[in-house]
Amino acid sequence: QVHLVESGGGLVQRGGSLTLSCASSGNRASIIVMGWYRQAPGKQRELVAAVTTGGTTDYADSAKGRFTVSRDNLMNTVTLQMNGLEPEDTAVYYCNAKTSMSTTGIHDFWGQGTQVTVSS
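One structure accompanies this document, and this report is about it. Because the structure is a prediction, the values reported are computed rather than measured. (Residues numbered from 1 in each chain as written. Predicted model: local features only at pLDDT ≥ 70, side-chain atom pairs only at ≥ 80, totals over all residues. Heavy atoms only, no water.)

The subject of this paragraph is the overall build of the protein chain. The secondary structure content of the protein chain amounts to zero helices and eleven strands. Along the protein chain, from the amino end to the carboxyl end, the secondary structure elements read β-β-β-β-β-β-β-β-β-β-β. Scaling as 2.2 N^0.38, a compact globule of 120 residues should have a C-alpha radius of gyration of about 14 Å, and the protein chain matches this with 14 Å. In terms of its C-alpha atoms, the protein chain occupies a principal-axis envelope of roughly 50 × 25 × 20 Å. (Helix = DSSP H or I, 4+ residues; strand = E, 2+ residues; numbered from the N terminus. Rg over C-alpha atoms; globule rule 2.2 N^0.38 Å.)

Below, the structure written as structure tokens:
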């Protein structure tokens, strides 16, 4: 079991910056990937950025060059630094953790989400 809590969402002007943080607790030793997803009204939830325990990162095309995901060594926290924000980035952002255990396989855990709103 992994518990995730997001913070840092809010209202920002077009072109501004915002930093999201995700704090994890519970069985963190089993986490293999942590990342950020977002979901806008009427749209599917989509991956924004992810990072593995080894430090490998993955970004959505829309995030490349603008967003940076990072984590501490124990996956206690994962941070998403967002620069050059656009109204299209407006969505609820969810922290995600994927765990891998030999007995139960891979499972997903989610935070409650934090609202990011970018004004025109």
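With that out of the way, let us pick up the nonpolar core. Of all hydrophobic cores here, the largest spans 29 residues; its most connected members are Met34, Trp36, Leu80, Met82 and Tyr93. Looking at this core, the elements with two or more residues in it are strand E1 (2-7), strand E3 (18-26), strand E4 (31-39), strand E5 (46-52), strand E7 (67-71), strand E8 (77-82), strand E9 (91-101) and strand E11 (114-119). Of the residues forming this core, the biggest block, four residues, is contributed by E9. Setting aside chain neighbours within four positions, we find Met82 in contact with Gly16, Ser17, Leu18, Leu20, Arg66, Phe67, Tyr93 and Val116. (Core = buried A, V, L, I, M, F, W, Y, C linked by side-chain atoms within 4.5 Å. Buried < 20%, exposed > 50% of the residue type's maximum accessible area, 1.4 Å probe, protein only. Contact = heavy atoms within 4.5 Å.)

Before going further, it helps to examine the state of the cysteines. Disulfides are covalent bonds that link the sulfur atoms of two cysteine residues. Summed over all chains, the structure comprises one disulfide. Here Cys22 is linked by a disulfide to Cys95, with a sulfur-sulfur distance of 2.0 Å. Its torsion about the S-S bond being -85°, the disulfide of Cys22 and Cys95 is classed as left-handed. One end of the pair, Cys22, is in strand E3; the other, Cys95, is in strand E9, and 73 residues separate them in sequence. Judged by relative accessible area, Cys22 falls into the buried class, the value being 1%. (Disulfide = S-S within 2.5 Å.)

Turning to the pairing of E4, a few remarks are in order. Counting buried positions along E4 gives seven out of nine residues, so the element sits mostly inside the fold. Pairing of E4 with E9 involves eight bridges; the strand directions are antiparallel. Within E9, the residue paired with Met34 across the bridge is Ala97. One ladder, built from six bridges, connects E4 with E5; its direction is antiparallel. Its bridge partner being in E5, Gly35 is matched across the sheet by Ala50. (Pairing = 2+ DSSP bridges.)

Spatially, the four strands line up as an open sheet ordered E1-E3-E8-E7, and their pairing is antiparallel. Each edge of the sheet is formed by a strand with only one pairing partner; in this case those strands are E1 and E7. Taking each pair of neighbouring strands and ignoring which way they run, the sheet shows an average axis angle of 15°. Where E1 meets E3, six bridges bridge the pair, whose relative direction is antiparallel. Bridge pairing in E3 links Leu4 to Ser24. (Axes fitted to C-alpha atoms, helices over the stretch in contact; angles between N-to-C directions.)

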